Number of protein chains: 2
Amino acid sequence: MLKTERQAYILRKIDLHNRVLSSDLGIEINVSEDTIRRDLNELAELDKIVKVYGGALSKSFHSSFLRFDVYKADGKKIIAEKAVSLVQHDMFILTTGGTTVVEMARILPAGLQATFFTGSIPAAYEYAQHPNIQVIFMGDRISKSSQIAVGGEAISRINSIKADLCFLGINAIDGAGVSDNDWEVVQVKQSMIKASKKTVVLSITEKINTRQRFAVCGLDEIDTIITDSGPGNPLFEGFVAAGVKLL
Amino acid sequence: MLKTERQAYILRKIDLHNRVLSSDLGIEINVSEDTIRRDLNELAELDKIVKVYGGALSKSFHSSFLRFDVYKADGKKIIAEKAVSLVQHDMFILTTGGTTVVEMARILPAGLQATFFTGSIPAAYEYAQHPNIQVIFMGDRISKSSQIAVGGEAISRINSIKADLCFLGINAIDGAGVSDNDWEVVQVKQSMIKASKKTVVLSITEKINTRQRFAVCGLDEIDTIITDSGPGNPLFEGFVAAGVKLL
DNA sequence: AAAAAATATGCAAATTAGCGCATAAAATAT
DNA sequence: ATATTTTATGCGCTAATTTGCATATTTTTT
């Protein structure tokens, strides 16, 4: 087996499994682990994989691991500030949960008078800290993974209101729209979108052009996307073309 | 499992649950707790999580109301433990908010399987931390003073269920019964009492034989009072005479 | 104050990595 | 075709990393 072949084999395996062990590969291809290690180092040098102790990982896997919370928090603050600028007096606002939304809830101006509807426990808590904000919690069963109320009751509560704005914290968005990996949460988000005149997506740049298992809504249902990078970023071309505003 | 993978797993779990215990992770991933502790320390060093005694917390939630660090309220802990002893498997339990109830929520046994109904944001959050507990939040407008849902919707939701037990955190109790100073909260509590087969009052000793503006219920509607002093305390004579159990 | 739980530390065993070198294989030059 | 240079591979060795365990220490709970 030629060196190039071998490396191609390794790459394919990493693509498939997201990871390889040097020891496995040695036996599998029937070369010494030294050779494997040299291969992995070369591939890592070319930025195709990430070498770790004992083997290697796919780049996507590792980048999700490497996200800098500090940086991320900064990004979320930027987003939160932009989002706050859309909030006006006496609005009715629906929001999901998620750290970005919570961040926004924290920095709402003290004087602001508005009504916030949410099913998220952390978000509700933050809203309740503001003296002039009325908080309506749309309850039901609490999903442990996302700390928000899910289920039929929650959804019918959402359906019974009409909000001016919906702030949607998301997991993934691309040209096809918003997607998520939790079916119960998807249903709640869909109801929220339908119950609001305008939908504003809050997303850190990392999530742009990623996709997850379940579709939440198409780009046509989104009015604005707020990210931590400027609207000029070429990453957003597809969204602008679809008529979505950027902030 | 590679070290990097393990740490990624830990990060994901913290993202999802906001906190992890070293002991859980050790069993889950099947490595020693030493290794987990070393991982947590490394991740904390990189500023990705917050290390605390016993495990770690998500950075984003650490700063808000959710912390399980030292919370010195000896009396309330005693009450909480007595209360927990009344909880049995597969019960339906209604609870108010209040620090005593939250304290109880924190120390519920890990294996306990039960359903908790509440309208309190801090209590709901604590319940949601337990893997086998189902949490139903009975939502409506959030009262800022008490962090619980109040109003017609909340009350009609409460009326629609039938619980085995109601844990009632209170403000004042004397020979005439339980009283409170917030009319909206009173209404919620009254509904909760009616919706439960048994009502258990949680109260620190200081509140015994005090009264506030609005009556919540008479002693005849209370089955048990749990305090931080022993049942022999002469303070409780009137309650015993009225047929209330003491713990 | 005592008991229990969690942590830190030092140490040993196992695994993985890196280096130099000999040899084999391939490419290039003569 | 042969010699020479370059590249690739495996082996022996040492170094570094990781992990679990025992023990002492600290923190928390009772």
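Nothing here was measured: the structure is a model prediction, and the numbers come from that model.

J.: What is the right way to read the overall build of chain A from this model?
T.: When you go through chain A residue by residue, the secondary structure sums to 10 helices and 15 strands. With the principal axes as the frame, chain A shows a C-alpha extent of 70 × 40 × 30 Å. Buried positions account for 53% of the 247 residues belonging to chain A. Pairs at least 24 apart in sequence give 60% of the contacts found in chain A among residues at least 6 apart.

J.: I'm lost on the protein's contact with DNA strand C in this one. Help?
T.: Around DNA strand C, 18 residues are found, and the nearest of them are Arg37 and Lys51 of chain A together with Lys51, Tyr53 and Gly54 of chain B. Sugar and phosphate atoms represent 63% of those atoms of DNA strand C found within 4 Å of the protein. A distance of 3.2 Å is found between a base nitrogen of DNA strand C and a side-chain nitrogen or oxygen belonging to Asp34 of chain A. Backbone polar atom of Gly54 of chain B to a phosphate oxygen of DNA strand C: 2.6 Å apart, as the coordinates give it.

J.: Just to check I follow, could you spell out the packing of aromatic side chains for this structure?
T.: Aromatic ring pairs are reported here in terms of the distance separating the ring centres and the angle at which the planes meet. Residue and element names in this part refer to chain B. Tallied over the full model, the rule gives 7 aromatic pairs over all chains. Summarising the aromatic geometry, the rings of Trp183 and Phe214 are spaced 5.4 Å apart at their centres and angled 55° between planes, so their arrangement reads as tilted. With Trp183 in helix α9 (residues 183–194) and Phe214 in strand β13 (residues 214–217), this residue pair connects regions lying 31 residues apart in the sequence.

J.: When you look at the interface of chain B and chain A in this model, what are you seeing that I'm missing?
T.: Quoted interface sizes are often the accessible area lost when the parts come together. Of the residues lining the interface, 40 residues belong to chain B; the matching set on chain A comes to 42 residues. Carbon and sulfur atoms make up 60% of the area that chain B and chain A hide from each other, which totals about 3400 Å². In terms of surface lost to chain A, no three residues of chain B exceed Leu2, Lys48 and Lys144 of chain B, which account for 18% of the buried area on that side. At the boundary of chain B and chain A, one finds 3 salt bridges. The partner of Arg19 of chain A in a salt bridge is Glu5 of chain B, with the nearest N and O atoms 2.3 Å apart.

Cut-off values and rules
- Position numbers for residues start from 1 in each chain and track the written sequence from start to end.
- Written order decides the labels, with chains lettered from A and ligands numbered from 1.
- Only residues with pLDDT of 70 or above have their local features reported here, since the model is predicted, and side-chain atom pairs are shown and tallied only from 80 upward, although totals for entire chains, interfaces and linings are computed over all residues.
- Values reported for side chains reflect all heavy atoms of the structure, with hydrogen atoms and water molecules removed beforehand.
- Where helices and strands are cited, they refer to DSSP runs of H or I of at least four residues and of E of at least two residues respectively, numbered from the N terminus.
- Think of it in three bands: with a 1.4 Å probe and only protein chains considered, a residue is buried below 20% of the maximum accessible area for its type, exposed above 50%, and partly exposed in between.
- Contacts were defined at the residue level, with two residues in contact if any of their heavy atoms lie within 4.5 Å.
- A molecule or strand has a residue near it when one of that residue's heavy atoms lies within 4 Å.
- Polar contacts here mean pairs of N or O atoms no more than 3.5 Å apart (in protein, one a potential hydrogen donor and the other a potential acceptor; neighbouring residues in sequence count only if both atoms are side-chain atoms).
- Side-chain rings of Phe, Tyr and Trp (the six-membered ring for Trp) are treated as a pair once their centres are within 6.5 Å; stacked means planes under 30 degrees apart, edge-to-face means over 60, and tilted covers the remaining angles.
- Accessible area that two parts lose when put together, evaluated with a 1.4 Å probe and summed over both, is termed the buried area.
- In what follows, salt bridge is the name for a side-chain nitrogen of Lys or Arg lying within 4 Å of a carboxyl oxygen of Asp or Glu.

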